[in-house]
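Residue strings, one per chain:
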Amino acid sequence: MKPLDLEKIKEMPIEYLAGDAQVLARLPQQEPWVPFDDRTLAFLNALSAALRRNPQTRQMPDAASFAFWCRQGNMQQLKKKYAQPDRIGRGITVHFAPSNIPVLFAFTLVSGLLSGSCTVVRLARKKSPQEALICAAIRQLTEGEFRELRPRIVLCRYAHSSEITDMLSSVCDVRVLWGSDESVLAIRKSPLPPRGVDMPFAARGSAAVIRAKSVLESDSVDILARNFYNDTYLNDQNACSSPVMIGWLGEPDEVQAAQKIFWSEMEKLLAARNYTVPAELAVRKLNAAYVLAAVCGAEKIIRHDSRLIRVQVPAFCEDMWEHTVPGGFFIECAGTDLSMMCPVLGSRCQTVCRIGVEAQEIAAMTAAQGLRGVDRIVPAGHTLDYALTWDGFNMIEMMSRKISCE
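Residues numbered from 1 in each chain as written. Predicted model: local features only at pLDDT ≥ 70, side-chain atom pairs only at ≥ 80, totals over all residues. Heavy atoms only, no water.

### Things to note about the overall build of the protein
This is how it is decided: Only DSSP runs of H or I covering at least 4 residues are called helices, and only runs of E covering at least 2 are called strands; the numbering of each starts at the N terminus. Computation of the radius of gyration draws on C-alpha atoms alone. For the globule rule, the value is 2.2 Å times the number of residues to the power 0.38. Buried residues are those whose accessible area, probed at 1.4 Å on protein chains only, stays under 20% of the maximum for their type, while exposed residues exceed 50% and partly exposed ones sit between those limits. A contact between two residues is defined here by any heavy atoms of the two lying within 4.5 Å.
Broken down by element type, the protein carries 15 helices and 17 strands. Relative to the compact-globule value of 22 Å for 406 residues, the protein shows a C-alpha radius of gyration of 23 Å, a close match. C-alpha atoms of the protein, sized along the principal axes, occupy 70 × 50 × 40 Å. Among the 406 residues that make up the protein, the fraction classed as buried is 52%. Residue pairs at least 24 apart in sequence account for 74% of intrachain contacts in the protein once pairs closer than 6 positions are excluded.

### Some details on a negative patch on the surface
The condition is simple: In this analysis, a patch consists of residues with relative accessible area above 30% that form no salt bridge, clustered at 9 Å for like charges and at 5 Å for the nonpolar side chains Val, Leu, Ile, Met, Phe, Trp and Tyr. Surface accessibility follows the Shrake-Rupley procedure with a 1.4 Å probe radius. Residue values consider only the protein chains on display as shielding. By salt bridge we mean one thing: a side-chain nitrogen of Lys or Arg within 4 Å of a carboxyl oxygen of Asp or Glu. The charge count includes Lys and Arg as positive and Asp and Glu as negative, but it does not include His or the ends of the chains. Charge positions are represented by NZ for Lys, CZ for Arg, CG for Asp and CD for Glu.
On the surface, a cluster of negative charge is contributed by Asp5, Glu11, Glu163 and Asp166. In this structure, Asp166 sits in helix H8 (residues 162–170). Judged by its relative accessible area of 33%, Asp166 is partly exposed.

### A look at unusual backbone geometry
Phi angles above zero are rare outside glycine, and Asp86 is one such case at about 60 degrees. Mapped onto the elements of the fold, Asp86 is located in the loop between helix H5 (72–82) and strand E2 (87–89). The phi angle at Gln237 is positive, at roughly 65 degrees, despite the residue not being glycine. Looking at the secondary structure, you find Gln237 in the loop between helix H11 (221–232) and strand E9 (243–249).

Printed below as a string of structure tokens:
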């Protein structure tokens, strides 16, 4: 393929955090690699080591988590799970990263590289210290020992520009879209090549199922609360995988007793972590609670303080997804049968977090009811874990192609 027009790219208002205009222009000339190429794995292990040596990483749990995820041992496990013979990268993947999760740009970058494709990531306009830390490490490695990776990586930022998005899309084999429904649709206005494909990760929400007995019989409710805190408050409940809908399984007296114990532990944890909510968000949470009471027949609004608001409803309904708010806002329903969750497990639901409930039970119910949602079922404490299968897409397969030999 011919390179892009370098002089035209130089005139575009693009900020480069890794790579530059020349690297971007020459991407179409780069050869695809096989998925999990040894050169890629060596680079990622070096990136992991560099970040873990940096004292700043210890102050950023999400950056530390990314560094740990990139380590050689984990990459080898992923290779065993996802690598397939006779596959090669599609060519160029262009990723549009969201603003709500500061390190997601790095995870989506790695997924593109692991597929064997050259990778461009357009970062959100909102900057973060995690971004600066990771990008600095990538630049240092690709300008030093791992120069062969430099022509394959572009990390950039630009204000909304259809011209730049059109240019990136024109050479894109796979376009990975993270963000709101509106942002995904806006980017899709830029045409892809005839064989180009989109992989959209648009706005969704998540739920949790808690068996009351598992809380009542637990001698470590503090650990359950800490895991749930990590799933929700660690990213201010902004992640699509952070639970909002909470279904309690059990008899009414069991549920009430379990809720009292569980949410009391959460209150203690919120105080200990000194979690704060901006005034504007606190008002939004209260307003959403009142709207739910008026529109969806909420039975009770429990306001522990501005950090934790629970809205108890007699039954879930799909419209409740329209009234969710981040920062410690939960819609609760109780029942004795898992099927009570069905109305909120449609296409809007990505992840189901489980406490005291077997994953197979949830998966079987999802299949039996023919539900359009639920792409992940994970134990509490793991909803934010990044995986190469996301929203039902096998990212390595999507960003590589199979050479059929018959």
